[in-house]
Amino acid sequence: MNIAITTSQPPSCWNDLSEKILGSGEIILNNLAVQLVKLGHNVDVPHHENFGIIEGVNYTNNHSKLYDVVIGELEPHTAFYVNANKRYSYIQSDNHWLPVDIGLFDNIDVIVLAGECLYNHYAKYIDKSRLFLIHNGYDDSLCYADESKRDKLSLCFSASSSPSCGLHVALQALNLIGRSDIIFHIYGTLALWHIDCKNNVFTPDDEYEELLQRLIGQAKYKVVVHGAVPYHKMLTEYTKHSILIHPKTHETFGCSLIEAQAAGVVPVAANVWACLDRVKHGKTGLNCQYENAMSFAEGILLLLDNDKLRQEMSRNCQEYAKNFTWRKSAQQWSDLFDTA
């Protein structure tokens with residue numbers, strides 16, 4: 001089948017997942033494209049720069065070709081960038097609390113939602129016959145558990161540092177614990193969204209940056225700020241840690257959750273939206289009261305003080321994450337092309 005994947009997120013991911021700082025949309029587009037090629041499909045990514053074929057995916061500036069299917073990623077209008085017999089809209093990061101603008105999906109044949117909370121929200125406004133749930137995934141060739149590298153006292157945060165991602169809650173929780181033997185690794189800045197932080201480390205928002213720096217200054221534990229890390233490197237980093245602190249309040253799937261779980265890192269996550277979808281309390285992580293630092297502190301301490309529980313949950317996380325590899329996601333897409 002001849003497939004085009006189009007997106008509104010520039011640049012359209014020139015397959016450099018090992019060196020470039022990329023946002024989740026670019027990472028998802030690339031991984032899906034490569035896996036669809038491995039399943040025997042012809043896949044083009046029509047975009048505006050760096051043309052050529054890498055891992056079988058054709059990055060092209062030719063927008064005149066007719067495709068069997070176009071997958072318009074991120075926003076519905078991207079499904080109209082090229083000519084195609086069928087138009088799919090791939091929504092993986094949208095609001096999941098405000099009403100859906102149904103008119104945006106006129107002339108869209110299929111709407112694919114990346115997570116349960118998104119699917120359930122869209123189902124309130126759009127006929128379910130047009131809706132399909134296909135999860136995002138992770139690269140299991142790079143992201144897996146290696147106990148020889150894990151440090152029980154090494155905790156991490158991995159997300160772009162906007163207020164709704166909750167880095168301030170993670171820092172507040174660790175400051176409440178007050179232990180000096182913890183090492184807290186912070187991955188990600190708003191550079192992941194192609195936003196220049198300029199003189200600030202985490203965000204161009206002076207007020208939020210000031211709050212984060214003040215909390216870091218109060219820490220009795222060691223804080224390591226990695227900044228935005230290339231995707232492939234980040235996947236291999238997870239297994240060094242024992243706990244992922246994930247207080248996000250707007251999550252729609254939870255790529256960093258799945259990646260951490262695949263590496264055996266136990267998430268202490270917010271109790272809203274996709275965090276609830278990915279984290280089954282006491283089994284594949286802990287759900288804490290969102291925006292409540294004390295709740296997160298209690299969850300972190302429970303895992304630090306109970307090796308048996310943490311190790312059991314780590315094994316549960318690894319087994320659970322196997323359901324979300326990019327190979328399985330691409331197979332679901334391929335099956336969908338045959339039926340819808």
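Structure: see above.
Calculation criteria
- Residues numbered from 1 in each chain as written.
- Predicted model: local features only at pLDDT ≥ 70, side-chain atom pairs only at ≥ 80, totals over all residues.
- Heavy atoms only, no water.
- Pairing = 2+ DSSP bridges.
- Helix = DSSP H or I, 4+ residues; strand = E, 2+ residues; numbered from the N terminus.
- Axes fitted to C-alpha atoms, helices over the stretch in contact; angles between N-to-C directions.
- Contact = heavy atoms within 4.5 Å.

Brief notes about the sheet that holds strand 1 (residues 2-7)
Here comes step 1: Taken in spatial order, the eight strands line up as 3-4-2-1-5-6-7-8 in an open sheet, and their pairing is mixed. The open sheet has two edge strands with one neighbour each: strand 3 (52-54) and strand 8 (131-133). Between one strand axis and the next, the sheet turns through 25° on average, direction left out of account.
Here comes step 2: Of the pairings in the sheet, the one linking strand 2 (residues 42-46) to strand 4 (residues 57-60) comprises three bridges and is parallel in character. Considered in strand 4, the bridge of Pro46 is made with Thr60.
Here comes step 3: Against the sheet, helix 10 (residues 326-339) engages strand 1, strand 5 (66-73), strand 6 (83-91), strand 7 (110-113) and strand 8, with an angle of about 135° to strand 6.

Points about the sheet that holds strand 14 (residues 286-288)
Here comes step 1: The parallel open sheet is built from six strands, whose spatial order is 11-10-9-12-13-14. The two strands at the open ends of the sheet, each matched to only one other strand, are strand 11 (222-227) and strand 14. Ignoring which end each strand starts from, the neighbouring axes of this sheet average 20° apart.
Here comes step 2: Where strand 13 (residues 266-270) meets strand 14, three bridges bridge the pair, whose relative direction is parallel. Directly across from Val268, in strand 14, lies its bridge partner Leu286.

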